[in-house]
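# Tertiary structure, described
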Amino acid sequence: MEMEISIQNEINQIKMRKPHVVILGAGASRAALPNGDKYSQRIPLMDNFVEILELGDLLHDSHINFKSDNFEDIYSKLYKNKEHDKLRSKLEERIYTYFKQMQITDNPTIYDHLLLSLRDKDIVATFNWDPFLIQTYQRNASRFMLPRLLFLHGNVEAGYCEKDRIAGINGNICSRCGEALKPTKLLYPINKKDYHVDRFIGLQWKELQYNLRNAFMITIFGYSAPKSDVSAIELMKLAWGEIESREMEQTEIIDIKSEDTLYNTWKPFMHTHHYDVHRSFYESWIANHPRRTGEAYINQYFYTKFINNNPIPKDLSFSELWKWLEPLQDVEKQRENDK
Ligand SMILES: [Zn+2]
């Protein structure tokens, strides 16, 4: 057997059946849309949330002393006191409206490159409320089989039919009962989140945990595990981090934070695993082995072959990008037909 796997070898292989699980935080949306959305609306983080969404007047009128500008702190304080319920629902309404009207930019973004580089056995789970991932999905789904999306804190673009347990685009019609899908609730930053109270969110977590147990690789992209997400970290740990016998699985982190900060954040979560840190999406395993992350993994870690990168081109238009990726999907379809 040859010691080296060429790009063409990699393209022609379909071996991996297990999912690649990708977890997205606010940093991923910021990397995908560094200059804001199509209308230059900025994507907020917890620290500048109040400023960007212009919530200052509402908070000021409440005469509550918040002591902090951090939205996580502010919201937790409001949540603890029933008297503040009215203000809280006003804030929630503004937040929902802000995210709901956002639009992805016209040219391919990191989100397009991410979804197009994975297959339909894979999972992209996001903590973000913004609509960009679903908008990305919609503009590529007629051409390519794409990974399944999960919304761990709800999403402004996701809808759900309680009765039939069917999820889809917010405002679309349920394929079973014909009624409009209901908007999903957003889960706000409080310390003890109960992921089971809301049906839709409960199901998202169940599916994430199932897939984490089976995953050959997880990629954590721009997610900083804030202190209000302890319950989230616990749930992920249960499914992934504490299974000592799974030494072979690979974890990669895409983040611009310092290596020390990242190590401290993720140490309790993956102390038994090997992990890689990348500063940019384009350095990641996903971007360098589009639609073949599992095959590259098998070649490198099981067969200890020398593998070559097949980086997804960054600057192509949609039609050029789709054309570049077509041969990869052709092999996938061919394998499906062979079965
Ligand atoms: Zn229905």
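Residues numbered from 1 in each chain as written. Predicted model: local features only at pLDDT ≥ 70, side-chain atom pairs only at ≥ 80, totals over all residues.

### Describing the pairing of strand β8 (residues 217-221)
Of all five residues that make up β8, five are buried, and the element is covered over most of its length. Burial along β8 is two-sided: Met217, Thr219 and Phe221 facing one way and Ile218 and Ile220 facing the other are all buried. Both strand β2 (residues 20-24) and β8 contribute to a ladder of five bridges, which runs parallel. Among the inter-strand pairings, Leu24 is bridged to a residue of β8, identified as Phe221. With five bridges connecting them, β8 and strand β9 (residues 250-254) associate as parallel partners. Bridge assignment links Phe221 to a residue of β9, and that residue is Ile254. (Buried ≥ 20, exposed ≤ 12 C-beta atoms within 10 Å, placed from the backbone. Helix = DSSP H or I, 4+ residues; strand = E, 2+ residues; numbered from the N terminus. Pairing = 2+ DSSP bridges.)

### Concerning the domain arrangement of the chain
Taken domain by domain, the chain consists of domain 1 (19-36 + 104-283) and domain 2 (49-100). Opposite the 11 residues of domain 1 that make contact, domain 2 presents nine residues. Residue classes in the side of domain 1 that touches domain 2 are distributed as eight nonpolar, two polar and one charged. (Domains from an automatic or database assignment. Contact = placed C-beta atoms within 7 Å. Nonpolar A, V, L, I, M, F, W, Y, C, P; charged D, E, K, R; others polar.)

### Digging into the sheet that holds strand β10 (residues 274-278)
Read across the sheet, six strands follow the order β4-β3-β2-β8-β9-β10 without closing on themselves; strand pairing throughout is parallel. With one partner strand each, in any of the chains shown, β4 (148-151) and β10 form the two edges of the open sheet. Strand after strand, the sheet turns through a mean of 20° between neighbouring axes, direction not considered. Across five bridges, the pairing between β9 and β10 is parallel. The residue bridging Glu252 from the neighbouring strand is Asp276, located in β10. (Axes fitted to C-alpha atoms, helices over the stretch in contact; angles between N-to-C directions.)

### Structural notes on the environment of Thr109
Looking at the secondary structure, you find Thr109 in the loop between α6 (85-100) and α7 (110-116). For the pair Thr109 and Leu78, spaced 31 residues apart in sequence, the C-alpha separation works out to 36 Å. Beyond its immediate chain neighbours, meaning those up to four positions away, Thr109 contacts Ala32, Leu33 and Ile104.

### Brief notes about the sheet that holds strand β7 (residues 182-183)
Backbone-to-backbone hydrogen bonds pair the strands of a sheet. The strands run either parallel or antiparallel. Read across the sheet, three strands follow the order β6-β5-β7 without closing on themselves; strand pairing throughout is antiparallel. Only two strands of the sheet have a single partner each, and these edge strands are β6 (166-169) and β7. Summarising the sheet, strand β5 (residues 158-161) and β6 pair through four bridges and their orientation is antiparallel. Bridging across to β6, Gly159 finds its partner in Gly168.

### Considering helix α8 (residues 132-140)
Every buried residue of α8 is listed here: Phe132, Leu133, Ile134, Gln135, Thr136 and Asn140. Its buried side turned inward, α8 meets α2 (26-32), α7, β3 (123-126), β4, β5 and β6.

### Overview of unusual backbone geometry
Notably, Arg165 is not glycine yet its phi reads approximately 55°, a positive angle. As for its position among the elements, Arg165 is in the loop between β5 and β6. Phi angles above zero are rare outside glycine, and Thr304 is one such case at about 40°. As for its position among the elements, Thr304 is in the loop between α13 (293-302) and β11 (306-307). Thr304 sits in the exposed class, given 9 other C-beta atoms within 10 Å.

### Observations concerning the nonpolar core
Counting residues in each nonpolar core, the largest one holds 72 residues, and the members touching the most others are Ile23, Val124 and Phe221. Lining this core are residues from two domains, each supplying at least three of them: domain 1 (19-36 + 104-283) and domain 2 (49-100). Residues contacting Val124, with those up to four places away along its chain left out, are Val22, Leu24, Leu114, Leu115, Leu118, Leu133, Pro147 and Leu149. With six residues, the next largest nonpolar core counts Leu91, Ile95, Met102 and Val156 among its residues. (Core = buried A, V, L, I, M, F, W, Y, C linked by C-beta atoms within 7 Å.)

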